[in-house]
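Okay, here's what each chain looks like letter by letter:
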Amino acid sequence: VQEKTQRVPIEVIDVIEIPDRAAAWVRERWNVDRQTGELMRLLMYRVADSKLAECWLFDHDQALVDRVLSA
């Protein structure tokens, strides 16, 4: 995604943390086909043995993400 979008984090809106999980609500700027757009993302993490074990992404504009990843 980084190579296709030159994404730039703009803002971390909120972070929630419990012993084995964390979530971050963030805003990013994506540059796609010479057009700039902003994307809100929820990143959810599971931690095991003090290491990142899993990450789930939930995107506000799934159509944008699908377009970028299918190109």
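Residues numbered from 1 in each chain as written. Predicted model: local features only at pLDDT ≥ 70, side-chain atom pairs only at ≥ 80, totals over all residues. Heavy atoms only, no water.

### Topic: helix H2 (residues 62-70)
Residues Leu64, Val65 and Val68 constitute the buried set of H2. When H2 is viewed along its axis, its buried side chains cluster within an angular range of 95° and face the same direction. Residues of H2 that are exposed and point over 90 degrees away from its buried face: Ala63 and Ser70. Packed against the buried residues of H2 are helix H1 (2-5), strand S2 (21-32), strand S3 (35-48) and strand S4 (51-59). (Buried < 20%, exposed > 50% of the residue type's maximum accessible area, 1.4 Å probe, protein only. Helix = DSSP H or I, 4+ residues; strand = E, 2+ residues; numbered from the N terminus. Arc of directions from axis to C-beta. Contact = heavy atoms within 4.5 Å.)

### Section: the nonpolar core
Most often, soluble globular proteins have nonpolar side chains that are buried together. Core analysis: the largest hydrophobic core is formed by 6 residues, namely Trp30, Val32, Leu39, Leu64, Val65 and Val68. Breaking this core down by element, the ones donating at least two residues are S2 and H2. When residues of this core are assigned to their parent elements, the largest contribution, 3 residues, is made by H2. The contact partners of Val65, leaving out residues within four places of it in the chain, are Trp30, Leu39 and Asp59. (Core = buried A, V, L, I, M, F, W, Y, C linked by side-chain atoms within 4.5 Å.)

### A few points about the side chain of Asp59
Mapping Asp59 onto the fold places it in strand S4. Here Arg41 takes part through its side chain, which lies 2.5 Å from a polar atom of the side chain of Asp59. Contact partners of Asp59, with chain neighbours within four places excluded, come to Leu39, Met40, Arg41 and Val65. (Polar contact = N/O pair within 3.5 Å; in protein donor to acceptor, adjacent residues only side chain to side chain.)

### With respect to the pattern of salt bridges
Applying the stated criterion across every chain, the model contains 7 salt bridges. Of the charged contacts in the structure, one is a salt bridge between Arg41 and Glu28, with a shortest N-O distance of 3.4 Å. Residue Arg41 is found in strand S3, and its partner Glu28 is found in strand S2; the two are separated by 13 residues along the sequence. On the accessibility criterion, Arg41 (4% relative accessible area) is buried. The partner of Glu54 in a salt bridge is Arg46, with the nearest N and O atoms 2.4 Å apart. Salt bridges linked by common partners bring Arg7, Glu28, Arg41 and Asp59 together as one network. (Salt bridge = Lys/Arg side-chain N within 4 Å of Asp/Glu carboxyl O.)

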